[in-house]
Amino acid sequence: MRVLLLGGTADARRLAGRLAGRADLDIVLSLAGRTESPVPQPVPVRVGGFGGAEGLARYLEAEGVGAVVDATHPYAALISRNAAAACAATGVPLIALRRPPWVRQEGDDWREVEDVAGAVAALGDTPRRVFLALGRNEVRAFAAAPQHAYLVRSVDPVIPPLDVPHADYVVARGPFAEADEHALLAGHGIEVIVAKNSGGAATYAKMAAARALGIEVLLLRRPALPDVASVEGAEAALAWLDARRHPALRGE
Ligand code: NAP
C-alpha cells in the first residue's frame, strides 16, 4: 500500500523511521520545502506544494495512494485542511498525528495572542529584551516595533536581517536542553519570549527555563484544524495503518 506521509516535523521523521523497513508499505514523505537543508529522512522524499486541495487530490489519484498520514506542524493548518478536503473528495483514508498543546503550570507567566501582529502589539511601547522563537518569515513583522532588542532563533539564517537597531541571531535546530535555554535567556537578559504552543518535548525547554527565570511568554494561538480522525503517537498511527493494510483487523 502506498502511503503519503505529510511531514516537516520530528514526529513525521520518527514515524518514517518506524515505517522505513516495512515491505508491505511504500512510503513517500512530503515536505513543503521551507528549510534550506532539511535533515536526512529514512524514506523517499518529495518536496513542494501540491497546488491546493485539488492538486493534492489529483496527486493521490495519480500516485495510487492508499492512505494519508498528516504529521505536519500544529501551526501548518492550510496543508491539514487541504489533506482533509482531498481525502474526502477521493475517498482515501486519512489519519492526523496530533501533538497536544503544552498546558500552563504553576509559575508560568503566559499570555495568549491571536497571531504575530497581536504579539507585536502585546510587547508594548516600552523597550524590552525579546526572544523570538518563531519561523524566520514570521519574525519580519517585528520590524514594526524597533524599540525592542531582539534575540532571534531560527533554523535558517534571517536574510536580510531585521530592520531594527538591536537584534542578535542564533541559528539552531531543536531539540534544546533546559540548561542551555536557561543560559541563553539569562545571558541575553531576556524579559519576554514570543513562541508557538507547539507541544512535544523538543522545544519545551524554553518554557521550563522561562518559568524558572520568571520570564513572560507570549504564545500565538493555535490555528483551528480540520475535524478528522486523529491519534497522538507514532504507535497509534502504525496501528491505524495496519488496520488499513489488513481490513480483517478492523472487522471488514
Ligand atoms: P501551511 O501554511 O499549512 O501550508 C502552506 C502551503 O505549503 C500548503 O498549502 C502547501 O502548498 C504547502 N505545504 C505545507 N506543508 C506541506 C507538506 N508537508 N508537503 C507539501 N506541501 C506542503 O504550512 P507552512 O507554510 O509550512 O507553515 C505554516 C506554519 O507552521 C508556520 O507558522 C511555520 O513556522 C509552522 N511550521 C513549523 C514547523 C516546525 O517543524 N517547527 C514545520 C512546518 C511549519 P499547496 O497548497 O501548493 O499544496
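Residues numbered from 1 in each chain as written. Predicted model: local features only at pLDDT ≥ 70, side-chain atom pairs only at ≥ 80, totals over all residues. Heavy atoms only, no water.

Q: Got a sec to walk through the sheet that holds strand S12 (residues 230-231)? Specific residues and values, please.
A: Judged by pairing direction, the sheet is parallel, and its six strands sit side by side in the order S3-S2-S1-S4-S5-S12 without closing on themselves. The sheet is open, and its two borders are formed by strand S3 (45-47) and S12, each paired with just one other strand. The pairing of strand S2 (residues 26-31) with S3 spans three bridges and is parallel. Its bridge partner being in S3, Ser30 is matched across the sheet by Arg46. Running at roughly 160° to strand S5 (residues 94-97), helix H3 (residues 77-90) makes contact with strand S1 (2-6), strand S4 (65-70) and S5 of the sheet. (Pairing = 2+ DSSP bridges. Helix = DSSP H or I, 4+ residues; strand = E, 2+ residues; numbered from the N terminus. Contact = heavy atoms within 4.5 Å. Axes fitted to C-alpha atoms, helices over the stretch in contact; angles between N-to-C directions.)

Q: How would you sum up the packing of aromatic side chains? Please name residues and give values.
A: What the rule picks out here adds up to three aromatic pairs. With a centroid separation of 5.0 Å and an interplanar angle of 65°, the aromatic rings of Phe50 and Tyr59 are classed as edge-to-face. With respect to burial, Phe50 and Tyr59 carry one shared label: buried. Note on Phe142 and Tyr150: the rings are 5.8 Å apart at their centroids and 65° apart in plane angle, and the pair reads as edge-to-face. (Phe/Tyr/Trp six-rings, centres within 6.5 Å; stacked < 30°, edge-to-face > 60°. Buried < 20%, exposed > 50% of the residue type's maximum accessible area, 1.4 Å probe, protein only.)

Q: Can you tell me about empty space enclosed by the protein, naming the residues and giving the values?
A: Per the stated rule, a full pass over the model turns up one cavity of 30 Å³ or more. As a volume, the largest cavity reaches approximately 130 Å³. Taken together, the residues of the lining of the largest cavity break down into five nonpolar, four polar and five charged. (1 Å grid on protein atoms, 1.4 Å probe; cavity = no way out; pocket = protein on both sides within 12 Å on 5 of 7 lines; lining within 4 Å. Points joined across faces, edges and corners; volume = space filled by probe spheres on them. Nonpolar A, V, L, I, M, F, W, Y, C, P; charged D, E, K, R; others polar.)

Q: Kindly report on the site of the ligand, identifying the contributing residues and their values.
A: In the vicinity of the ligand, 21 residues are found, and the nearest of them are Ser30, Arg34, Phe50, Glu138 and Lys196. Interatomic distance of 3.2 Å between a backbone N/O atom of Gly7 and a nitrogen atom of the ligand. Backbone polar atom of Tyr75 to an oxygen atom of the ligand: 3.5 Å apart, as the coordinates give it. Protein burial of the ligand: of its 870 Å² of free accessible surface, 73% is covered by the chains. Taken together, the elements giving at least two residues each to the shell around the ligand come down to S2 and H3. Take the shell around the ligand: its biggest share by element is four residues, from H3. Taken together, the residues of the shell around the ligand break down into eight nonpolar, nine polar and four charged. (Near = heavy atom within 4 Å. Polar contact = N/O pair within 3.5 Å; in protein donor to acceptor, adjacent residues only side chain to side chain. Areas by Shrake-Rupley, 256 points an atom, 1.4 Å probe, with all protein chains shown as cover.)

Q: Lay out H3 with the relevant residues and their values.
A: Across its 14 residues, H3 extends 20 Å between first and last C-alpha, which sits within 8% of the 20 Å expected from 1.5 Å per residue. In this structure, the buried side of H3 is in contact with S1, helix H2 (52-63), S4 and S5. Immediately downstream of H3, the backbone of Gly91 shows phi near 80°, a positive value. (Expected span 1.5 Å × (residues − 1).)

Coordinates in, geometry out; function isn't part of it.
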